[in-house]
Structure formats: structure tokens, C-alpha cells
Amino acid sequence: MSANLFSRLDPFDCQKGDFDYYLEQFDHFLDLNSVEDEGKKVPLFISSIGQDAYKILKETCAPADPKEKSFEELKRLLLEYFARREFYRRNQRPGEYTGAYVNELKRLSLKCNFGAFVHDALRDRIACGKLPDDKTSATPAAAPSTSKGQTQPKPSVPQVVQEVAEKKTKAKKTVAVESSSAVVSPGEVQQKQPKGPKPQKGPAGQQKQHKCKICGHEHKEAECPHKDASCFMCRKKGHIASVCKEKAKAQQQQQQPVQVHVHVQQNTGVKN
């Protein structure tokens with residue numbers, strides 16, 4: 001290689017440049033200057049790509065030093081980096097069919113060296129970069145025109161935000177009015193409720209206690225304190241007067257009305 005180079009390449013533009021084309025130019029640059037030594041290609045490549053590209057290369061090679069890599073390894077690392085960056089930045093454009101977008105992603109993935117991860121990478125990129133169905137029409141809607149045939153200017157972002165907020169407010173008011181009109185008064189609810197048996201008051205499942213036949217209180221006959229007493233109504237032993245059947249019969253007889261039979265003798269007009 002001669003001491004003075006015939007030409008010098010411009011630094012690579014990391015924002016707009018195509019690294020494949022840059023590598024082709026660099027190969028021509030090496031041929032023009034008859035550079036065949038691999039030990040010379042690495043420093044010449046690092047000094048030619050520019051500061052921005054070298055920063056990317058250094059971060060990609062970390063923790064190793066780019067000078068420790070071969071020329072082919074440095075080219076492969078930068079090719080994969082810029083190819084993957086283009087792949088992950090590729091979104092579906094307005095008017096682009098979904099099939100064409102997927103095919104473009106497959107083409108870009110060939111340079112990314114994803115390996116077995118290629119299907120997952122395509123799935124994630126399609127999910128993130130695909131536009132909604134209403135925005136993928138091949139013929140975008142024309143802008144509204146004025147009476148003079150001139151198109152109206154597109155609304156600014158604050159105007160769009162304000163219009164969306166107003167639409168949401170109107171929608172909330174409409175829902176509130178509909179919900180208030182659908183409220184039923186308590187009287188209407190009471191009329192619509194079907195009539196059924198009223199629930200029984202008192203604790204459910206409560207077992208009634210045994211009523212004593214001797215005194216009428218709620219306990220067993222064996223525990224009654226009057227089990228040896230005698231009734232003063234019927235003079236019988238085994239109960240008291242409050243539960244005496246003879247007393248109950250006497251009270252019923254007293255309450256019955258007295259029937260008076262009146263015999264009327266008919267006057268026949270015959271004198272004795």
C-alpha cells in the first residue's frame with residue numbers, strides 16, 4: 001500500500017445511509033489503494049466510518065475492543081445492527097396492504113441473522129407496526145373542499161384534542177339522561193312485585209316447648225310442682241283447676257244463651 005491514499009471515504013451517515021452500499025464503496029477503496037493486509041484493513045475501516053458509526057461499533061463489541069476483531073467480524077456486526085434497526089423501525093405505511101407489509105418485513109429479516117428467533121421477531125414487529133384496518137385503505141380519503149374548490153387546511157393537534165374531548169362530554173351527558181329516564185320509582189317497583197305469601201315472623205326453625213297437662217305451663221309433667229295436687233273443681237288428682245276440663249265445660253254452659261219456650265193457647269170461642 002502506498003503511503004498516500006488515492007482518495008478518502010466520507011464518514012458513514014448513520015441516519016440516512018445504507019451500510020451495504022457503504023461497504024461496497026469501502027471494498028473499492030481498498031482495491032484502489034491495493035490494501036490486502038488484514039492488519040491494515042481494521043484500522044483503516046475504523047478511521048473511515050466516522051465517529052457515530054464507531055460509537056455504535058464499540059458498544060456492539062463491548063466488552064471487547066473493536067481492534068481485537070477481524071475485518072469480517074466488524075462488517076458483520078455493523079451489518080446486523082443497521083439491518084435490525086431498519087427492521088424494528090419499519091411500520092406499515094398508510095395505504096399499504098398488510099400482505100405487502102409482511103413481505104417487506106420478511107425481506108428485511110434476511111439480513112438480521114435472527115436464526116431461530118425469526119418467527120418471534122416477525123410476529124412482534126407485525127403486532128407493533130401494523131396500522132388499524134380503517135387506515136390501510138389504498139385510496140386515502142380526500143380532504144374536504146370549500147365552495148371555491150380549495151381544500152381546507154388540516155386541523156392542528158390541539159383542535160383535534162378539543163374536538164375529541166367535546167365528543168366525550170356529549171356522550172357522557174347522553175348516557176346520564178338515558179339512565180335518569182330509565183329510573184323506576186319505588187311505587188312502580190312495589191306494584192310490579194308479585195304478591196306472595198308473607199314471610200313468617202319469628203326465628204325460623206325454633207322448636208316449641210312441651211305444654212304441661214297438669215298446670216298448663218311449658219315443662220314436662222315429671223318436672224311439674226303440682227303433679228301431686230288435686231283439682232278443687234272436680235276433686236280429682238293429677239291436675240289443677242286452671243286446666244280442668246270440667247271447669248271448661250261449666251264455663252261453656254254458662255256462656256250458652258237460655259232458650260225460653262212459650263206455649264200460646266189458641267182461643268176457639270167455646271166456653272166451659
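Note: the structure precedes this text.
Now for a look at the structure at hand. (Residues numbered from 1 in each chain as written. Predicted model: local features only at pLDDT ≥ 70, side-chain atom pairs only at ≥ 80, totals over all residues. Heavy atoms only, no water.)

Considering the state of the cysteines
Threshold: The disulfide definition used here is simple: a pair of cysteine sulfur atoms within 2.5 Å. Whether a residue is buried, partly exposed or exposed follows from its accessible area with a 1.4 Å probe, protein chains only, as a fraction of its type maximum: under 20%, in between, or over 50%, in that order.
Counted according to the given criterion, the structure contains zero disulfides. Free of any disulfide, Cys224 has its nearest cysteine sulfur in Cys215, 3.6 Å distant. Take Cys224: its relative accessible area is 3%, and that puts it in the buried class.

Let's talk about the packing of aromatic side chains
In plain terms, the rule: Only rings of Phe, Tyr and Trp enter the pairing, Trp through its six-membered ring, and a pair is recorded when the two centres are within 6.5 Å. The plane angle decides the type: under 30 degrees is stacked, over 60 is edge-to-face, the rest tilted. Put simply, DSSP marks the helices as runs of H or I at least four residues long and the strands as runs of E at least two long, and each gets a number from the N terminus on.
Taken as a whole and assessed by the stated rule, the structure comprises 14 aromatic pairs. Plain terms: the ring middles of Phe12 and Phe82 are 5.1 Å apart, the flat faces sit at 70° to each other, and that makes the pair edge-to-face. Note that Phe12 is positioned in the segment before α1 (19-32) and Phe82 in helix α4 (residues 71-89), a separation of 70 residues in sequence. Residue Phe12 is classed as buried on the basis of its relative accessible area, which comes to 7%. Consider the rings of Phe87 and Tyr88, whose centres lie 5.1 Å apart with planes at 85°: the pair is edge-to-face. The exposure class of Phe87 is buried, given its relative accessible area of 0%. Here the aromatic residues Phe12, Phe19, Tyr22, Tyr81 and Phe82 are joined through ring pairs into a cluster of three or more.

Focus on the pattern of salt bridges
What counts here: The rule for a salt bridge is simple: a side-chain nitrogen of Lys or Arg has to be within 4 Å of a carboxyl oxygen of Asp or Glu.
Scanning the entire structure with this criterion turns up eight salt bridges. The salt bridge involving Glu96 is made with Arg90; its shortest N-O contact spans 2.9 Å. A cluster of three or more residues bridged by salt bridges with shared partners is formed by Asp120, Arg123 and Asp124.

Let's talk about unusual backbone geometry
The step from Ala62 to Pro63 runs through a cis peptide bond, and the omega angle for that step is 5°. Residue Ser34 is not a glycine yet carries a positive backbone phi of 55°. Unusually for a residue other than glycine, Asn113 sits at a positive phi of about 55°. By the secondary structure assignment, Asn113 is in the loop between α5 (98-109) and α6 (118-129). Taking the relative accessible area as the measure of exposure, Asn113 reaches 48% and is therefore partly exposed.

Details of the nonpolar core
Keep this limit in mind: Only buried Ala, Val, Leu, Ile, Met, Phe, Trp, Tyr and Cys residues count toward a nonpolar core, and they belong to the same one when joined by side-chain atoms within 4.5 Å. Note on contacts: a residue pair is in contact if any heavy atoms of the two residues lie within 4.5 Å.
Of all hydrophobic cores here, the largest spans 24 residues; its most connected members are Phe19, Phe26, Phe45 and Leu78. Contributing elements (two or more residues each) for this core: α1, α2 (38-49), α3 (51-61) and α4. Sorting elements by how many residues they give to this core places α1 first, with six residues. Sequence-distant contacts of Phe26, defined by excluding residues within four places in its chain, comprise Leu9, Lys41, Leu44, Phe45, Ser48 and Phe71. Among the nonpolar cores identified, the runner-up in size contains nine residues, and Ala83, Leu105, Ala121 and Leu122 belong to it.

Quick look at the packing of α5 against α6
What describes two packed helices is the angle between their axes and the distance between those same axes. The criterion, for reference: Only the stretch in contact is used when fitting a helix axis, every axis being a line fitted to C-alpha atoms; angles between N-to-C directions are given from 0 to 180 degrees. Should an angle fall under 35 degrees it is taken as roughly parallel, and over 145 as roughly antiparallel, whereas 65 to 115 is taken as roughly perpendicular and any remaining angle as oblique. Helix crossings fall into two classes, left-handed where the near helix is turned counterclockwise from the far one by less than a right angle and right-handed where it is turned clockwise. Following the grouping adopted for this structure description, the nonpolar residues are Ala, Val, Leu, Ile, Met, Phe, Trp, Tyr, Cys and Pro, the charged ones are Asp, Glu, Lys and Arg, and the polar ones are all others, Gly among them.
Across the interface, α5 lies against α6 with an axial gap of 11 Å and an inter-helix angle of 140°. In terms of their interaxial angle, α5 and α6 are classed as oblique. The interaxial crossing formed by α5 with α6 has right-handed handedness. Contacts between α5 and α6 involve Tyr101, Val102, Leu105, Lys106 and Ser109 from the first element and Val118, Leu122, Arg125, Ile126 and Gly129 from the second. Among the residues making up the contact of α5 with α6, the classes are represented as six nonpolar, two polar and two charged.

Some words on the side chain of Lys41
Mapped onto the elements, Lys41 comes out in helix α2. If we skip the residues at most four places from it in the chain, Lys41 touches Phe26, Leu30, Val35, Glu36 and Phe71.

Describing the side chain of Gln92
To be explicit about the condition: Two N or O atoms form a polar contact when they lie within 3.5 Å of each other; inside protein one atom must be a possible hydrogen donor and the other a possible acceptor, and for residues adjacent in sequence the pair counts only when both atoms belong to side chains.
Mapped onto the fold, Gln92 is located in the loop between α4 and α5. The exposure class assigned to Gln92 is buried, which follows from its relative accessible area of 3%. Looking at Gln92, its side chain comes within polar contact range of the main-chain oxygen of Glu96, at 2.7 Å.

None of this, on its own, says anything about what the molecule does.
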